[in-house]
Amino acid sequence: MSKVTLSAASLFAAALLLSQTTPGPEPFLEKPYLQLGDAPKLSASASLVLMWHTDAVPAQWAVEVRTSKDSAWRAVGQPWSQTVSAPAGEPTVAGKNGAKKDAPATPAIEPHLVYRARLTNLIAGQEFRYRVLKAGKPVFDATGRARKSAGQPFRFALFGDCGQGTPAENAVAYQAHLAKPDFIFIPGDIVYGSGRISEYRTRFFPNYNADEPAASNGAPLLRSVPFIAVPGNHDTALANYPRFPDSLAYFLYWDQPLNGPMAPLDAVKTKHVLTGAAAAQSIFLEGAKPRYPRMANFSFDYGNSHWTVLDANTYMDWNSPALREWLAKDLAAAQSATWRIVAFHQPGFNSSKQHFSEQYMRALSPIFETNHVDIVFAGHVHNYQRSFPLTFVPAPQADGAAAGPKGEVAGEWKLNKAFGDGAAAKPDGVIYIVSGAGGAELYNPEQQNDPASWQTFTTKFISQVHSLSVVDIDGKTMRLKQVSDTGDVVDSFRIAK
Ligand SMILES: [Fe+2]
């Protein structure tokens, strides 16, 4: 047998080579992404929250930023973490609790750490660099853009019903990347089918935080601009919680303002309860503290606009006086903003046959009109629809109820059909947009070329292509372009004040 001896020097050289050429363990479960944080007002415009996920082994993490005013990398405050995990789900037994068929238990989610760091002293509207360090060594860097101030024009991209792992999801993400927005808004149904951790890992983070932008791949959006979202029915599928204890991940993985109506939520909490194993619930509540359930409703300012974001899921009751009062107060306090924008998942005005009866959010129209709301965005219906500017007077059902058993709302609308792009660009009424063509299977493609099937309030109906809304606000002008997943402009209009 021949004997090979290696000198200490050659062993060291081999080890060095190995360390340089063999990738170490990936430091992230999910790479860094930007969030608005609990900062509703522009006075906090100089900060954003950076989040990332790692395994459960604590490490020494730090974040540094560099703006045009910084001559060198500058450390920001110490990152903090919360542990997130979920036990295995309960198997479903056919015939029990209305289940149609047996379904096996879903696997547990291993404990992992969700880190947050506040990026401070950013310069409104300007790009900045940031880097994340593990044990003193930079492991990630990217360019972000700080929130815009009231005097700065801005652009946002908006699409709902997106995280279904389809080719269209990536194509829409790529178009959003090409549009270079300042932020992205998702009006619900962020991931399918039940807002689970496991679904975020396969249908959200890889697509919207991809390293390389491509129509087939998604784009590095999450690391560059804040995503803001309101939960849809698939993000808050409470009835599925016992089977999927890794659902409700919206409250674990997002960081948004906590200025919503907690007291009214208490009033309707009998409709908003977790069920299933108590152990699963307490693990979830610990990881979601202090965001559950408050973060489902909130408002914030961006540039010269005020956004009011509502949870329109059926466990809410927007006919309750307490909730209506919160909404009216929030909008009344925002009259000095140039633009008032409202967003929620289930649209009040929808011409699609799919979800047609779910009209219950129409009941809020008088509050929107009194408080000069300019535009309302929704999703839920997987296509694009634009209404004429309209005003609406709701009428009670024959039995006195505000809505019928399936959500129908009676009443009369008045349409501003003269609204146009020229001298008549000042709308008389509220424009209602459905922008739910962000990736999931399209609804009612047969209706696109059949205007006779539309309600009279609808003026555009695009249901044969996936698309996103790209909206520019510059002073007293707003322009919306609806862009297809291949970059075609399929609708465009301007509002001028
Ligand atoms: Fe939905």
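Each value, and the rule that gives it
Residues take numbers from 1 onward in each chain, read along the sequence in its written order. In view of the model being predicted, local features appear only for residues whose pLDDT reaches at least 70, and side-chain atom pairs are presented and counted only at 80 or more, with totals across whole chains, interfaces and linings using the full set of residues. Side-chain numbers here rest on the full set of heavy atoms in the structure, without hydrogens or water. Each salt bridge in this description consists of a side-chain nitrogen of Lys or Arg and a carboxyl oxygen of Asp or Glu lying within 4 Å of one another. Helix and strand assignments follow DSSP, with helices taken as H or I runs no shorter than four residues and strands as E runs no shorter than two, numbered in order from the N terminus. Throughout this description, buried means an accessible area under 20% of the type-specific maximum (1.4 Å probe, protein chains only), exposed means over 50%, and partly exposed covers the range between. Only nitrogen, oxygen and sulfur atoms qualify as donors, provided they sit within 2.8 Å of the metal or within 3.2 Å for Na, K and Ca; with water excluded from the atoms, sites may seem incomplete. Note on geometry labels: four donors, all angles 85 to 135 degrees, give tetrahedral; four donors become square planar and six octahedral when opposite donors are over 155 degrees apart and every other angle is between 65 and 115; remaining cases are irregular. Following DSSP output, two strands are said to pair if at least two bridges run between them. To get an axis, fit a line to the C-alpha atoms, keeping to the stretch in contact for a helix; angles then go from 0 to 180 degrees between the N-to-C directions. Whether two residues are in contact is decided by their heavy atoms: any pair within 4.5 Å suffices. Each residue after the first adds 1.5 Å to the expected span of a helix. Any pair of Phe, Tyr and Trp rings, taking the six-membered ring for Trp, is counted once the centres come within 6.5 Å. Such a pair is stacked with planes under 30 degrees apart, edge-to-face with planes over 60 apart, and tilted for the rest. Counting as a charge over the ring demands two things of the Lys NZ or Arg CZ atom: a distance within 6 Å of the ring centre and an angle within 35 degrees of the ring normal.

(A) The pattern of salt bridges, seen in detail. Scanning the model with the defined rule gives 15 salt bridges in all. Of the charged contacts in the structure, one is a salt bridge between Arg129 and Asp141, with a shortest N-O distance of 2.4 Å. In this pair, Arg129 sits in strand β7 (residues 127-134) while Asp141 sits in strand β8 (residues 137-145), placing the two residues 12 residues apart along the sequence. Note that Lys329 is salt-bridged to Glu325, the shortest N-O span being 3.4 Å. Taken together, the residues span about one helical turn, with Lys329 and Glu325 both in helix α8 (residues 321-332) at a distance of 4 residues. For Lys329, a relative accessible area of 56% translates into the label exposed. Each of the salt bridges in this network shares a partner with another, and the network as a whole consists of Lys31, Asp211 and Arg223.

(B) A look at the coordination of the iron ion. Coordination of the iron ion by the protein involves Asp189 (OD), Asn233 (OD1), His345 (NE2) and His380 (ND1), with metal-donor separations of 2.1 to 2.2 Å. Every donor counted, the 4 donor atoms about the iron ion form angles of 85 to 168° at the centre, which fits irregular coordination. Of note, the iron ion draws all its donor residues from one chain, in the sequence arrangement D-x43-N-x111-H-x34-H. Of this pair, Asn233 sits in the loop between β13 (227-229) and α5 (250-253) while His380 is found in the loop between β17 (375-378) and β18 (384-387), placing the two residues 147 residues apart along the sequence. Residue Asn233 is classed as partly exposed on the basis of its relative accessible area of 27%. Overall, His380 belongs to the buried group, its relative accessible area being 3%.

(C) Local environment of the sheet that holds β13. Across the sheet, which stays open at both edges, the 6 strands sit in the order β13-β10-β9-β23-β24-β25 with mixed pairing between neighbours. Either end of the sheet is taken by a strand with one partner, and the two such strands are β13 and β25 (489-496). Neighbour-to-neighbour, the strand axes of the sheet open up by a mean angle of 20°, direction not taken into account. Seen against the sheet, helix α2 (residues 167-179) touches β9 (154-158), β10 (183-186), β23 (467-474) and β24 (477-484) and runs at an angle of roughly 20° to β23.

(D) Structural context of α2. Compared with the 18 Å implied by 1.5 Å per residue over 13 residues, the 19 Å span of α2 between its first and last C-alpha is a close match. Taken residue by residue, α2 has Ala168, Glu169, Asn170, Ala171, Val172, Ala173, Gln175, Ala176 and Ala179 as its buried positions. Immediately beyond the C-terminal end of α2, within one or two residues, lies Lys180, with a positive phi of roughly 50°.

(E) Here's a closer look at the pairing of strand β15 (residues 305-309). Within β15, 5 of the 5 residues are buried, which leaves the element mostly enclosed by the surrounding structure. Judged by which residues are buried, β15 turns out to be covered on both faces: Ser305, Trp307 and Val309 on one side and His306 and Thr308 on the other are all buried. Summarising the sheet, strand β14 (residues 298-302) and β15 pair through 5 bridges and their orientation is antiparallel. Residue pairing for β15: Phe298 is matched across the bridge by Val309. Both β15 and strand β16 (residues 339-343) contribute to a ladder of 5 bridges, which runs parallel. Among the inter-strand pairings, His306 is bridged to a residue of β16, identified as Arg340.

(F) The packing of aromatic side chains, seen in detail. Inspection of the entire model under this criterion finds 44 aromatic pairs. In this arrangement the basic side chain of Arg362 is found over the ring face of Phe392, its NZ or CZ atom lying 5.8 Å from the centre. For the cation-ring pair, Lys497 lies above Trp339, with the distance from its terminal atom to the ring centre recorded as 4.8 Å.

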